[in-house]
Amino acid sequence: MMAKQRVLTREDIAHRLARISGHAASLKRLWEEERDYDDMLIQIAAVRAALDQVARAILEQHLQQSIQEAVTRSDPDGAIRDLKNALDRFV
């Protein structure tokens, strides 16, 4: 059985974005200090992974909101259109 993933709050996402910003600043500092390329690549991988996690959380919240609004409006075509648009932006 898969464990249920906790839904991130706006505060959680803001905290993660702040951490990503810190990682990006570290990457810039590594570049300016002409540090080892391996260190920079590791930092880039960490930023990418963190961005992917935040993007998934934001996409999940967007989809949940769009579907709830579509159900309220009895507009399943609108929900499908919103889903396709969100996926186009994310993928």
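As the structure is a computational prediction, the values presented were derived from the model and not from experiment. (Residues numbered from 1 in each chain as written. Predicted model: local features only at pLDDT ≥ 70, side-chain atom pairs only at ≥ 80, totals over all residues. Heavy atoms only, no water.)

1. Some words on the overall build of the protein
Move 1: For the protein, the count of helices and strands is 3 helices and 0 strands.
Move 2: In the protein, the succession of helices and strands from N to C terminus is α-α-α.
Move 3: Taking 91 residues into account, the globule formula puts the C-alpha radius of gyration at 12 Å, and the protein, at 18 Å, lies well above it.
Move 4: Seen along its three principal axes, the alpha-carbon backbone of the protein occupies a region of about 55 × 30 × 25 Å. (Helix = DSSP H or I, 4+ residues; strand = E, 2+ residues; numbered from the N terminus. Rg over C-alpha atoms; globule rule 2.2 N^0.38 Å.)

2. Considerations on helix H3 (residues 76–90)
Move 1: Along its 15 residues, H3 runs 21 Å from first to last C-alpha, staying within 8% of the 21 Å computed at 1.5 Å per residue.
Move 2: Those residues of H3 not exposed but buried are Gly78, Ala79 and Ala86. Around the axis of H3, the buried residues are gathered within 100° of arc, so they sit on the same side. Structural note: H3 exposes Pro76, Asp77, Lys84 and Asp88 on the side pointing more than 90 degrees away from its buried face.
Move 3: Looking at the buried positions of H3, the neighbouring elements they touch are helix H2 (37–73). (Expected span 1.5 Å × (residues − 1). Buried < 20%, exposed > 50% of the residue type's maximum accessible area, 1.4 Å probe, protein only. Arc of directions from axis to C-beta. Contact = heavy atoms within 4.5 Å.)

3. Thoughts on the packing of H2 against H3
How two helices sit against one another is set out by the angle between their axes and by the gap between those axes.
Move 1: Running from amino to carboxyl end, H2 crosses H3 at an angle of 165°, the nearest separation of the two axes being 9 Å. Considering their axes alone, H2 and H3 lie roughly antiparallel with respect to each other. In this structure, H2 crosses over H3, and the sense of that crossing is right-handed. Contact residues: H2 offers Ala55, Arg56, Leu59, His62, Leu63, Ser66 and Ala70, while H3 offers Ala79, Asp82, Leu83, Ala86, Leu87, Arg89 and Phe90.
Move 2: Residues that form the contact of H2 with H3 fall into these classes: 9 nonpolar, 2 polar and 3 charged. (Axes fitted to C-alpha atoms, helices over the stretch in contact; angles between N-to-C directions. Parallel < 35°, antiparallel > 145°, perpendicular 65-115°, else oblique. Left-handed = near helix turned anticlockwise from the far one by under 90°. Nonpolar A, V, L, I, M, F, W, Y, C, P; charged D, E, K, R; others polar.)

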